[in-house]
Amino acid sequence: MTDPWTPLCLVASCDLQAAAWPMPVAVVEDDLTLRLDGVELGIDTLHPRLVAALSLSPKGAALLDRLELHLAETGRTLQGLRRDVTPAEAPAALFSLMAAALVQSQGRVVKQMRELAQMRQLTETSLQHFERLEAFVWQTAKCERNQVLNLAARADGATLALSEAEQRLPTDSVGLSDLALWVAAPAQGQLTVALDLMETAVTVATWVVSDPGAGWLRLALPRALSTDAQTPVLRLTWSGPSPLSLGLSLDHPDPRFQCQGGPTLALKLWKFIPGTNAPLSPDSLPPSAGPTRGRWLIGLAALGEAATLAADPERIEFLDWAGGVVMRPEPGQTLGLRLPGLARPGMVRLQGMVSVEGIGAQAELTYAVAAPGQEPDPQSWQVVTPAEPDQLHVTLPRLEVAQDLVLMARVPEAAEHPAVVVFERIEAFASLTGRDD
Amino acid sequence: MTEAPSIAIVIPVFRHSVLLIEAVESALAQRAPFGIRILIVNDGCPHPETDETCRAFARAHPDRITYLKKQNGGLSSARNHGILYALDHLPSVRAIYMLDADNALRPDSMARAMAALDEDPEAGWIYPDIDMVGLSSGHDYSGPYSVLLHTAMNTCEAGSLIRREVFEAGVMFDVTFKAGFEDWDFFLSCVEAGFRGKNIEGFGFLYRKRPESMLADSEREREPILARMRAKHRALFSPRAMLELEQEEAPRYAFFLVDLDEVWLTTDPLAESEVLTPEDYSQRLWRARSAPGRHHLPPLTVVTRSETLAEAQAAGMLHGLLWQLETMVDQVHLAGLLAVHAPSDRMGLHILPEASRSPDEAAMLMLTTDLFMAAAGDAQGSWMKSLISAAPQPRVALAQVTLPPSLPIFALGEGGMAAALLAFLDGMRQSHWAAGALSLRDWRQPDLRRRAGSHMILRQRLGQQPNLPMLRGTGRHMGLILSILEFGGVEKVALNFARAFAARGWTLHLFILGSREAAVSQEWRDTIASVTFLGDPEFSPWGGGDRSYFGNEIPRWASSGNHPRLIALLHWLDAVVDLHSGAAVAVMSQLKKLGAVTVTSLHLADLSPMGRPSGNPFLTLAYEHAFDLFAPCSLALGDWLHAMGIPEDKITPAPNAPSFDIAPDRLSALIAERSARQPGRLRAMFLGRLDAQKGLERLGEVIARSAHLPIDWRVIGRAILTDGAPPVPPSVLAVLEPALTTPEELTAAFAEADVLVLLSEFEGLPLTVLEAMRQGVVPIATDVGAVSEVVVDDVTGCLLPLEEAVEGCLSALESLASDPARLRRLSDTATATMANRHWLAATEALAQAIDRVGATRTVGSDADIPPPAHIAPLSAGDAEMERVDLTPAPWVELCQNGPDETALLQRYELYAGFLQFGSPENAGVVCDLSCHPVRSRKGVTTRAIALKPQGRRQPWFTYEMVLPDAPLTEYISMDWTLRYALARPRNLYAQFMLDGGGENVTVDVGTLRGTDAGSTMNLVLALRQIDPEVLRRLTRVRLVLSTDGELLPFDLLDFAIHGRR
């Protein structure tokens, strides 16, 4: 917002009564004092507001000449504003100067509008290109958020009994996308986590978590924070009948990184391309406010973690070089890898790259969901051969509650060879089109 | 109407007509519970767009933005313009923020900074971390504000919120700093005015960083600008002040005291230290590791016992030993110290061959904290653990102190220091703080890394050499410089100097330069506070020189020795007395510039093997400029010095007196005993060194030929058995007795003698003669040196021409042996002559002279300012050039018009077309201009112009002398002879500014030092160094002289200009 601007005409005091003035008039006295409505004003205040300086008499002209000389000391001028006229010519002169000022101003406005239009076109083009770039990155790199910090909980099990606490994060804000806290024991109550940026005093996200369970509580930002480097700070508030126990990590000698004067909280942090959308990990919670994104990515980290818990490590394992989970079903055998809780409410479609290795091998693959403790009941199987990598698509009835996601592979009884099956990252969508609803 | 502003944001703009918008918008967007006025200062920007933009903002926000326009004067000038506007027109403003037009602020910056100022009344300004945009990066400037650090680097960004009181105290930006670092200079001025800065995290300052900027330019010009700042802020850059700052802000050592289980953080272990437990220290250590720019940690770690520190101090060696260890640590990983007893009353310091002793035998170990920290971060630590093995992997150098038997040697206690160091390290390694510090760091780069090497700041000031870690306190300190300390006459004089000045309240310090051992007797130890060995293997008082001054050798060390090391050892002293230390004369000039009064105590000239006079008096002639005072031991030597060219004012004789005291009642008793003695055989004595100088052959002949006389001979002394020394004559050997050293033995020997025979080849004013006469022993001596000042023939003794010494001596002996009345008469006169001859009286004039010189001595120095190229002497060819007087005629007329001529000189208004005068521009100061007679010290009276500023006092002024329409291409140079007639010494910064035809050329001359009324300074503007194409377009020359903050009620100046073509 700008304040209204009142244009002024400057006249010598001796000329003030010589004409009727259709606009506010500032007066210059014989001693070069400047007044507006009888109040003395400094030249620094007055000069920017002038649109005209009229003299109606030789004495007035001489006074304005003196004022010009005085102004020249500081590089100011009345050039372009000055008219020596008769009282009768004053209104016309004034309007002429006003018109000139208007023309000049109009010219400047038009010029700036053109510049704005150019900037707008550039911005629109950039946005379109950026969107395409984002889509390309999404399709090729799968956009898994990158873990940058892992401060494990202390071996001695020390915890913070939370009511209120603040924790400065040991990183800058650029690209920050997820953070996780270690909840030592499930608790009844409500945890509020706010992520603030110190320099701008802005809260960029708030998560409200009811009755948190034990383990890592991952909180995600749909869009990674921008390139404006600031210092992120977590503010934690707990309300519940008994304190929430949060895992603690290292003692840090610098009080800035201590939580409540004690050790740093056990933390994990993830980053992504600054300022861009990234699919959520299904084990993360989006902020409580703001639009919900309908895309998830079950990344290599989640696949690897699940594989380590597999009951049959001889047949199911995670291999870096393969870029995913490898299963080795024998003819007539069905193998499944359970990813607890990763089928999130709202998911309706899953897709991911799969492949089968082995001469003469053939396998049937699918993704299934199951409630914890229940066996999955796959709706369909897709046959995959070693000919080329394939993309596995599975449509689900819209999930209302979180369930386990199960990756399944089987080899027909009649097959002559076992198969080596690779499940890569899995994308999940809340719509059939894969776009945000 | 908005509320009265509490903050003014000054935005100078020059050529940033577009980027300015972001700066102003960010200022307008401030969220603060108080009013903010934005002052945009258009510094004569040539772009019309700038004016339009500024006016548009001022019109749009008349209650929030004031648009100020001025003629171009540079960034400092523009800032000052805004500041003065705020001071004069905005009384509610409590602080002013400097925002450059290409930078910006986050919305809460001012609210946070103001809150910080309000919270901390001691903070004069709040400075930010710097978050750069463009070339983006974050820079951490957090941690306590340090003046010491600020002398070494520009720690405070101009974008700081500065309390109004700072400007009201007269601190402004220096308009002559046009190549950058004006903010650095400004904040140092704030410090000198008593203000201190404070950093706040998350200030919200955004700095537009481009690959090339004014800052980059100033980095290229860093050294000359720094030299200017050192000259301008000499009190801050004085090494003495820096050492005190080091103790206060960044102590050099962490002493782990094994016996107390404490860690002391200090530079001077005798000063008040911060004391920590090892556990608390571990947090400090790891905190500093985590954020080295934010947290200070002493850069050197010492492991020892408190008893060792106490014992080293009792020996007067504590600071010197630490200094020595610090030197050694520069070369090796660890330096250690152990001590042994000397067989006699001697002290010494020797460097042991590497690996000759185990590090665990050391009583003190020193290593850099960097190495200590690296070892603490090494989980295995096997490299350091090998210290206590048979083959230590770290390189360790050990120094061995020799102490007199009466002093305790450093106790080791249980376990050696290497084991203690390892235990200390283990404690740090196992600290629960370690893992966190190694894992987590702040995201901003620690720009104040130099905090971790704070001791290097002072080293940098002193030629990269370690600095003696001794705080001066409030007393006066005098250093006595000796090449060796044994039992010679010079050493006796030194001891008596020390006693005499100690009696006057001085603290005395002894420095041995040429030897690693010295006879520091109990008498010495009772008198001095410290003894330090230079330990420079290259130092030799004489020899090796390849240059001579009128035939007298300049020793090699004086030409090419490690002078900074000795300067670093001595710079902090109030007075330095050089006692025949030869080559050390080379550092006296620097010491003088660093604030010490330099004195040379001279005793006698030596003779070369061929008989040519030489030695210290001749060497000092070559270094006359380096000494404030010459203290000859006799009037005769004083006359000689004057005759050889030493100004009379510098010569203050300190005539020798007996070297040891005898209690008055004891002396009276001895004289009474002599008077009561019955006549008998004459008891003749020689006492002294048995060498050629003492006329040993003559003595032998006299003893042999006097056998028929009733004389009992005693010859007391030590034969000098060196190659080339003459053999001791048999007649002497027959009566030779061992040398005597104690006052009691000497007193007894003189009490027994009737006459003292001294037939020397050359002498100064021998102490033996004075001591003998005091007890009534009649001297029979050759007339050499200054002997005749006390031995008057047939009045106080027998004075013999050198050529007739033997015959004369025999004759005198025969006369005195046969004439007891004559013997008695001479004895009585000798005693009476010596009645009031003592060292306190002998040094009184010298003490007064030292006080007089010391009172005028400034602590700081501009010694390291590189000599400006523009005032280099012209070549001989140039001297032949035609000289044309270019002094403006109005100036000449004004000076000739006499004392009644007065005029009013308006601020920044050319007077008579050649002179303009300013205080911070537009501050409303005008001057009365009048003509005054000026009388120089030589009594010559001339006229000069007096400028008396009216109105409020300002911290600085500039004078500009203008030559308009100067036909520059006609000349190859211009000589400006400037006579700045001063009430007291002060500095001027001089710049030539040439302009015309769209070109600007600035030639920095540098700092000029005006000393006495009527003293002249010659400035040469070398026009041929300017590109001829540029020179062709230049039409105007201005000499701009800026004062440096010491306002005087009267400033007088005069000048003449000559062109050479």
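Residues numbered from 1 in each chain as written. Chains lettered and ligands numbered in written order. Predicted model: local features only at pLDDT ≥ 70, side-chain atom pairs only at ≥ 80, totals over all residues.

With an unreviewed UniProt entry as reference, chain B is termed Glycosyltransferase, source organism Stagnihabitans tardus.

## Some points on the overall build of chain B
Secondary structure summary: chain B contains 38 helices and 49 strands in total. Out of the 1061 residues in chain B, the part that is buried amounts to 52%. Sequence separation of 24 or more characterises 76% of the internal contacts of chain B that already satisfy a separation of 6 or more. (Helix = DSSP H or I, 4+ residues; strand = E, 2+ residues; numbered from the N terminus. Buried ≥ 20, exposed ≤ 12 C-beta atoms within 10 Å, placed from the backbone. Contact = placed C-beta atoms within 7 Å.)

## A short note on the overall build of chain A
In terms of helices and strands, chain A carries four helices and 27 strands. The C-alpha atoms of chain A give a radius of gyration of 36 Å, which is well past the 22 Å a tight globule of 437 residues would have. Here the C-alpha coordinates of chain A stretch approximately 115 × 55 × 35 Å along the principal axes. Split into buried and exposed, the 437 residues of chain A put 38% on the buried side. Across chain A, every contact between residues at least 6 apart in sequence was considered, and the portion connecting residues at least 24 apart equals 76%. (Rg over C-alpha atoms; globule rule 2.2 N^0.38 Å.)

## Re the interface of chain A and chain B
One frequent convention defines the size of an interface as the accessible area lost when the parts assemble. Across the contact, 27 residues belong to chain A and 37 residues belong to chain B. Broken down by class, the residue content of the side of chain A that touches chain B amounts to nine nonpolar, ten polar and eight charged. (Nonpolar A, V, L, I, M, F, W, Y, C, P; charged D, E, K, R; others polar.)

## Some words on the domain arrangement of chain A
Residue and element names in this part refer to chain A. Segmenting chain A into domains produces domain 1 (1–141), domain 2 (146–290) and domain 3 (298–429). For domain 2 versus domain 3, the distance between C-alpha centres works out to 32 Å. Across the boundary between the two partners, domain 2 contributes five residues, which contact nine residues of domain 3. Here the side of domain 2 that touches domain 3 is composed, by residue class, of two nonpolar, two polar and one charged. (Domains from an automatic or database assignment.)

## Quick notes on unusual backbone geometry
Phi is positive for aspartate 211 of chain A, which is not a glycine, with a value near 45°. Along the chain, aspartate 211 of chain A falls in the loop between β12 (202–210) and β13 (215–220). We note that phenylalanine 181 of chain B has phi near 65°; this positive angle belongs to a residue other than glycine. Relative to the elements of secondary structure, phenylalanine 181 of chain B occurs in the loop between α6 (164–168) and α7 (182–192).

## Focus on the pairing of strand β22 (residues 506–512) of chain B
All names here are of chain B. Counting buried positions along β22 yields six of seven residues, so the element is predominantly enclosed. In terms of strand pairing, strand β21 (residues 476–482) meets β22 through seven bridges, oriented parallel. Opposite methionine 478, over in β22, you have leucine 508 as the bridge partner. In this fold, β21 hands off to helix α20 (residues 489–503), which returns the chain to β22; that crossover is right-handed. The pairing of β22 with strand β24 (residues 530–533) spans four bridges and is classified as parallel. The residue bridging histidine 509 from the neighbouring strand is serine 530, located in β24. (Pairing = 2+ DSSP bridges. Right-handed = clockwise from strand over helix to strand, strands pointing away.)

## Focus on the sheet that holds strand β17 (residues 347–351) of chain B
Where strands meet in a sheet, backbone hydrogen bonds hold them as pairs that are either parallel or antiparallel. Residues and elements named next belong to chain B. Ordered by their spatial adjacency, nine strands build an open sheet running β14-β13-β12-β15-β18-β16-β19-β17-β23, and the pairing between neighbours is mixed. The sheet terminates laterally at β14 (274–276) and β23 (517–518), the two strands that pair on one side only. Where strand β12 (residues 253–257) lies against strand β13 (residues 262–266), five bridges are found, and the strand directions are antiparallel. The partner of alanine 254 across the bridge, within β13, is leucine 265.

## Looking at the packing of helix α28 (residues 696–705) of chain B against helix α32 (residues 805–818) of chain B
Residues and elements named next belong to chain B. Two elements in contact, α28 and α32, have axes separated by 10 Å at closest approach and are oriented at 40°. With respect to their mutual orientation, α28 and α32 come out oblique. With respect to the hand of their crossing, α28 and α32 are arranged in right-handed fashion. Mapping the contact onto sequence places Arg698, Glu701, Val702 and Arg705 in α28 and Ala805, Val806, Cys809 and Leu810 in α32. In the contact of α28 with α32, the residues fall into five nonpolar, no polar and three charged. (Axes fitted to C-alpha atoms, helices over the stretch in contact; angles between N-to-C directions. Parallel < 35°, antiparallel > 145°, perpendicular 65-115°, else oblique. Left-handed = near helix turned anticlockwise from the far one by under 90°.)

## Quick look at the packing of helix α15 (residues 369–377) of chain B against helix α17 (residues 417–429) of chain B
Residue and element names in this part refer to chain B. Put simply, α15 and α17 touch, their axes get as near as 8 Å, and they point 60° apart. The angle between α15 and α17 falls in the class oblique. Between α15 and α17 the crossing geometry is right-handed. Facing Phe372, Ala375 and Ala376 of α15, the residues of α17 in contact are Leu425, Met428 and Arg429. Grouping the amino acids of the contact of α15 with α17 by side-chain chemistry returns five nonpolar, no polar and one charged.

## Observations regarding the nonpolar core
With 281 residues, the main nonpolar core has Ile11, Ile40 and Leu480 of chain B as its most contacted residues. With residues near it in sequence (within four places) discarded, leucine 480 of chain B still touches Ala494, Phe497, Ala498, Leu508, Leu510, Phe511, Val577 and Leu579 of chain B. Within the second largest apolar cluster, 84 residues are counted, among which are Leu236, Phe318, Val411 and Val421 of chain A. (Core = buried A, V, L, I, M, F, W, Y, C linked by C-beta atoms within 7 Å.)

## Quick look at the UniProt feature "domain: Glycosyltransferase 2-like" (unreviewed entry) in chain B
Mapped onto this numbering, the UniProt entry annotates "domain: Glycosyltransferase 2-like" (unreviewed entry) at residues 9–167 of chain B. Within residues 9–167 of chain B, the helical portion is 37% and the strand portion 28%, while the C-alpha atoms at the span's ends are 14 Å from each other. (UniProt positions renumbered as here; feature names shortened; annotations may be inferred.)

## As for the sheet that holds β12 of chain A
Residues and elements named next belong to chain A. Taken in spatial order, the four strands line up as β9-β14-β11-β12 in an open sheet, and their pairing is antiparallel. The two strands at the open ends of the sheet, each matched to only one other strand, are β9 (164–168) and β12. Across this sheet, the average inter-strand angle for adjacent strands is 15°, counted without regard to direction. Pairing of β9 with strand β14 (residues 232–239), which is carried by five bridges, proceeds in the antiparallel orientation. If you follow glutamine 167 over to β14, its bridge partner there is leucine 234.

## What about helix α2 (residues 48–60) of chain B?
One turn of an α-helix holds 3.6 residues; hence residues three or four places apart share an orientation. Residue and element names in this part refer to chain B. For α2, spanning 13 residues, the distance from its first C-alpha to its last is 18 Å, which sits close to the expected 18 Å at 1.5 Å a residue. For α2, every residue scored as buried is listed here: Thr50, Asp51, Thr53, Cys54, Phe57, Ala58 and Arg59. On its buried face, α2 sits against β1 (5–13), α1 (19–28), β2 (35–43) and β3 (65–70). (Expected span 1.5 Å × (residues − 1).)

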